[in-house]
Amino acid sequence: MSSDLKRKQKKINPKPVQLNPNWSLLQQKLKSDSHGNTRKSSNPENPSSILGKRKERPDSELDVPKIDPLTPVNDDSSLTDEVAMDCEMVGVSQGTKSALGRVTLVNKWGNVLYDEFVRPVERVVDFRTHISGIRPRDLRKAKDFQVAQTKVAELIKGKILVGHALHNDLKALLLTHPKKDIRDTAEYQPFLKDKTRKSLKHLAAEILGADIQNGEHCPVSVYL
């Protein structure tokens, strides 16, 4: 008799099913929205209770995973029809003349195709580390300029070249590229409000909501 009663109790009180974490997160978000709607419809003449107001967390503080727009969408590192390029410069001559110190190319997925420090032909007198992120040790085993130049020319040939103020990068590489195959965010008309060019940092924040170039620049993190 007692054993039959226990079986019935087990059927009446089944163990709770463990929810998928994503479903739990969605339920939490829905409950939060529901509470927000209830608060808005409450009587404004009685804003508080004897228990006091409950401190609510804004939606922005919910533990909802954020998507990083600079993170590659896959691990495909093949050469694609679109290639993005960014370079960092060092100072030569009297320090006011710029020379290539690092060059980075990524494919349309944001995966790195080529990323090398480059040893300029002229002696470096200013590493501009606070901006370029380049230090003397980085250039000790760097690629010779001609080697890097040849490789970059090979990678961008026949490709759509994407970048910001690409004329500076191409000038440092002593290369040219067909104008019809250049997509320059510094020259893109919709970005030229009041006919003024915006920095890449400004555009990344405005268009992508991404915070880049804080302190030393890294051409890889510009895209990643």
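Numbering of residues starts from 1 in each chain and follows the order in which that chain's sequence is written. Only residues with pLDDT of at least 70 are given local features in this predicted model, and only at 80 or more are side-chain atom pairs given and counted; all residues enter the totals for whole chains, interfaces and linings. Excluded from the side-chain calculations are hydrogens and water; all other atoms, namely the structure's heavy atoms, are used.

1. What about the overall build of the protein?
Looking only at helices and strands, one finds eight helices and seven strands in the protein. Counting over 224 residues, the protein shows a buried share of 31%. In what follows, residue pairs with any heavy atoms lying within 4.5 Å of each other are defined as contacts. The contacts in the protein between residues at least 6 apart in sequence include a share of 58% that link residues at least 24 apart. When the accessible area of the protein is evaluated, it comes to approximately 16000 Å², of which 54% is carbon and sulfur surface. What counts as a helix is a DSSP run of H or I of at least four residues, what counts as a strand is a run of E of at least two, and both are numbered from the N terminus. To sort residues, take the accessible area from a 1.4 Å probe on protein chains only and compare it with the maximum for the residue type: under 20% means buried, over 50% means exposed, and anything in between is partly exposed. Exposure was quantified through the Shrake-Rupley algorithm and a 1.4 Å probe, taking into account, for residues, occlusion by the shown protein chains and nothing else.

2. A closer look at helix H5 (residues 145-156)
Multiply 1.5 Å by the residue count of a helix minus one, and that product is the helix's expected span. With twelve residues, H5 should reach 16 Å at 1.5 Å per residue; the first-to-last C-alpha distance of 17 Å fits that figure. Turning to H5, its buried residues are Phe145, Ala148, Gln149, Val152, Leu155 and Ile156. Buried residues of H5, viewed axially, fall in a sector of 135°; they line one side. Pointing more than 90 degrees away from the buried face of H5 are the exposed residues Thr150 and Glu154. For H5, the secondary structure elements touched by its buried residues are strand E1 (82-92), strand E2 (97-107), strand E3 (112-119), strand E5 (143-144), strand E6 (160-163) and helix H6 (166-173). Directly after H5, the chain includes Gly158, whose backbone phi takes a positive value near 75°. As used here, the arc is the angular range of directions from the helix axis to the C-beta atoms.

3. Observations regarding the pattern of salt bridges
What makes a salt bridge here is a side-chain nitrogen of Lys or Arg within 4 Å of a carboxyl oxygen of Asp or Glu, nothing more. Taken as a whole and judged by the stated rule, the model has six salt bridges. Among the salt bridges present, the one from Asp181 reaches Lys180, with a minimum N-O distance of 3.3 Å. Exposure remark for Asp181: the relative accessible area of 12% places this residue in the buried category. For Lys180, a relative accessible area of 64% translates into the label exposed.

Keep in mind these numbers describe shape, not what the thing actually does.
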